[in-house]
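Fold and geometry: a report
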Amino acid sequence: MKNYDVVIIGAGPGGYVAAIRCAQLGLKTCCIEKNPTLGGTCLNVGCIPSKALLHSSELYWKLQKEATSHGIHMKDLSFKFDEMMLRKDNIISGFTKGIEGLFKKNKIDWIQAAAELKSPHEIAVGSEILQAKFIILATGSEPIQLPFLPFDEKKVLSSTGALALKHIPKKLLVVGAGVIGVELGSVYQRLGSEVVFIEFLDRICPSFDVALSKGLQKSLTAQGMTFHLSHKVLKADLSKDVVLSVQGPSGEVSFSGDAVLVAVGRKPVSDKLGLDALGIKKDAKGFIEIDASFRTSQPHIFAIGDLVEGPMLAHKSSEEGVAVAELIAGHRPTLDYFSIPNVVYTSPEVASVGLTEEEVKAHGLSYKVSTFPFKANSRARCTGEEEGFVKILAEEKTRRILGVHILGAHASELIAEPVLAIASRATVDKLADTCHAHPTLSEAIKEAALGVFKAPLHM
Amino acid sequence: MKVEIRVPSAGESVTEATVASILKPSGTAVKADEEILELETDKLNQVVYAPSSGQLELLVKVGDVVKVGQVIGSVDTAAAGVEAKKMPVEPPKEPVKKEKEPEKKVEKSPEVPGAFPGARKKVDAALQEMQSLEAKLPEKIASPTPAPSSARQSLPSADGRQTRQKMSKLRRVISERLVQVKNETAMLTTFNEVDMSTVIAVREKEQENFQKRHGVKLGYMSFFIKASLAALQEFPDINAQIEKDEIIYNHFFNISIAVSTDKGLMVPVLKNVDQLSYAEIEKQLKTLAEKARAGTISIDDLQGGTFTITNAGQFGSLFSAPILNPPQSAILGMHNIVKRAVVIDDQIAIRPMMYLALSYDHRIVDGKTAVLFLMHIKKNLEEPTRLLLDL
């Protein structure tokens, strides 16, 4: 029987990062992963492959759409889908090998197997039993399946299937216009699919500020995507093509396509771990209940990432993994949930940090808001990326930044500065008085910040 | 019917207060006279009580600045007897207890580190912390009123070896006043010692009779107050105070008594001590000290002192120089009673001795006056009969 200080179940961005940090802090660490490669959903069937495909498809689409406006003329512009997919697969295998290398460097043992807790300190891995002083649960989440639309990954796709298609569907139906839906929808729309969204709520990407939801929908619609909001899928006929019966505000309608992507959310993978026998509590949705120190009902067993409450984000999991590793090593880390960014990698991109305007109102805070459009930003004019805006909310009394919401090219990169500002509880004046390089898109952040209590210079 | 809750008057100089804590959240059922929230002013914390029974609705939150007389909520008496609702805010999560022991033999880990309640700082906590930050305004448009302080929160430093906490308003006022005294007065201290044998003897002899008759213990404090009163009457400079270029002589004798409480030092005032008997002094002292410690003291109880007595002896202090209580001009420090060898009539005798310290503002009190004042107190304590005869 092997003895460890820490055994981590799951090698996604929460688990593998926790393992590295544990090892750095001198703890004897083992990471168990049921899949053959490390990196979890993010690396294998999530963030990384989707960003690879988003970039390839965007490059093709932009050349097609914009090249001539730059005086660039091409003959016979075309793409090969299988080569695009191969590039994506190569990126993934590069990364998974990279994590293996990091594990080796940090002397972390890793076992490819499913794990089950046998007693508070014993983990069964195949026929082997591991003994651990501490256990970190990081088994992540999986796509939610609709009962009448079981995933076959040919006609009925989960996000995993949509990242591994052999052919581009002529017409792709997307159930759920959340982050995953609009990203993968964008990929196939750019590559020639007709993409139709069916969303139950009255706006797309509902966790974001309303202004971002509306602005993004406008841009994506202009690109050719169709959105049916406040529509509920009732049943499906999969006998030939995909035919969905949908309840809309003005009655029942049907949509057909050659494939449907079901992106209605994800659920934690918390069964089959043997948690019930140990009295580890879960809520009705399967999320593991933890205290203020990430501890489950068993004080030496921790849970992080998509298994616990909060947004399902790779970077949130990683930060939680680091925090738990440090807690186990006797440190006193603090993870600030107020400054966790959230991004959608469409074109234009969406990025935000802090509170939405609705949340600010719900908290009863007195606030001021300022918006600055990229149309008035010189760099955006140079590159032709004029869509979108920066919206900043600040508390009136303390002048602290409450939320920053960006719709625009490179919003995912631009958000880093507001994240640091919010994490350090900077006043909006600090952001406004900070010198930004010219000409850059980041100047739009400065201008929006100026607009909160003073006035923007270029508007 | 809805009964309004207003910010109560808290003495003349107080016009606004900060909501320090909410004891009963909005939506709960309260009984008449139940404590609902706590206000913090320059001078003290004041509890606001429910005006009648019913369902509470509060219009303020922690950190809000409220004016005297302002309506801060109401009690709906129609809803009297409603079940207390659950707190709307999420209660702090305690480490979850195991619901049931697993059936198998559980091996307990010998020690369980890994707990630090600050590890998950949720958005609500972040916002609350933000509220305690002062507005840092650009200089040119600086707001004339500083942002009010809010709920205090302890913030551990990165390595956990320090904790930062916002000063309470009371603590801030104490610190400002003390520094002000150091900066603006010419403070000096004179010392003497007093033989306590007679006072001790009187207390021993009469304690039982005194308690039977008055229902209160005969303490040392009443002797010190009476002795100080006699000295104040003899030396009016000590009972006076400076205001700009004028000296104000007080023709009343209000003695402030320092009382230590959980929240810091409080100095309630015993008024018109020249009109009080020993028993009345002891009774009033007891009430004031209880009110100060319970936090129910009013502004009136804290204002208008002309001289202060502080007893560091109760904690065992042998010798110390007290600091003035502005705008007063002198403060008497009592210390602990220790049996010491003293020389009396060329003989060494064992006597219960106490050091006395008188700190005074040299701008108004001359050295000679201060020394004679303290001598007067000493004599009156060593021979309390002098007090009877106005000597």
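Residues numbered from 1 in each chain as written. Chains lettered and ligands numbered in written order. Predicted model: local features only at pLDDT ≥ 70, side-chain atom pairs only at ≥ 80, totals over all residues.

1. Points about the overall build of chain B
Along chain B, the regular secondary structure elements total eight helices and 22 strands. Burial status across chain B gives 29% buried among its 391 residues. When contacts within chain B are restricted to residue pairs at least 6 apart in sequence, those whose partners lie at least 24 apart make up 62%. (Helix = DSSP H or I, 4+ residues; strand = E, 2+ residues; numbered from the N terminus. Buried ≥ 20, exposed ≤ 12 C-beta atoms within 10 Å, placed from the backbone. Contact = placed C-beta atoms within 7 Å.)

2. Thoughts on the overall build of chain A
Within chain A one finds 14 helices and 23 strands. Taking all 459 residues of chain A together, the buried fraction comes to 51%. Relative to all contacts within chain A whose residues are 6 or more apart in sequence, the contacts with residues 24 or more apart total 65%.

3. Considerations on the nonpolar core
Among the nonpolar cores identified, the biggest contains 87 residues, and L173(A), V174(A), V260(A), V350(A) and I392(A) are the most heavily contacted of them. Those residues in contact with V174(A) that sit more than four places away from it in its chain are G181(A), G185(A), V195(A), V196(A), F197(A), L261(A) and A263(A). By size, the runner-up hydrophobic cluster in this structure holds 53 residues, among which are A23(A), L38(A), A132(A) and F116(B). (Core = buried A, V, L, I, M, F, W, Y, C linked by C-beta atoms within 7 Å.)

4. Remarks on the sheet that holds strand β22 (residues 389–395) of chain A
Residue and element names in this part refer to chain A. Reading across from one edge, β19-β20-β23-β22-β21 is the order of the five strands in this open sheet, with antiparallel pairing throughout. Each of the sheet's edge strands pairs with one partner strand only, and the pair in question is β19 (342–344) and β21 (367–373). The average undirected angle you get between the axes of adjacent strands in this sheet is 10 degrees. Where β19 and strand β20 (residues 349–354) come together, three bridges link them in antiparallel fashion. Across the sheet, residue N342 finds its bridge partner in β20, namely S352. Each of β21 and β22 touches helix α14 (residues 443–453); the most contacted strand, β21, lies at about 145 degrees to it. (Pairing = 2+ DSSP bridges. Axes fitted to C-alpha atoms, helices over the stretch in contact; angles between N-to-C directions.)

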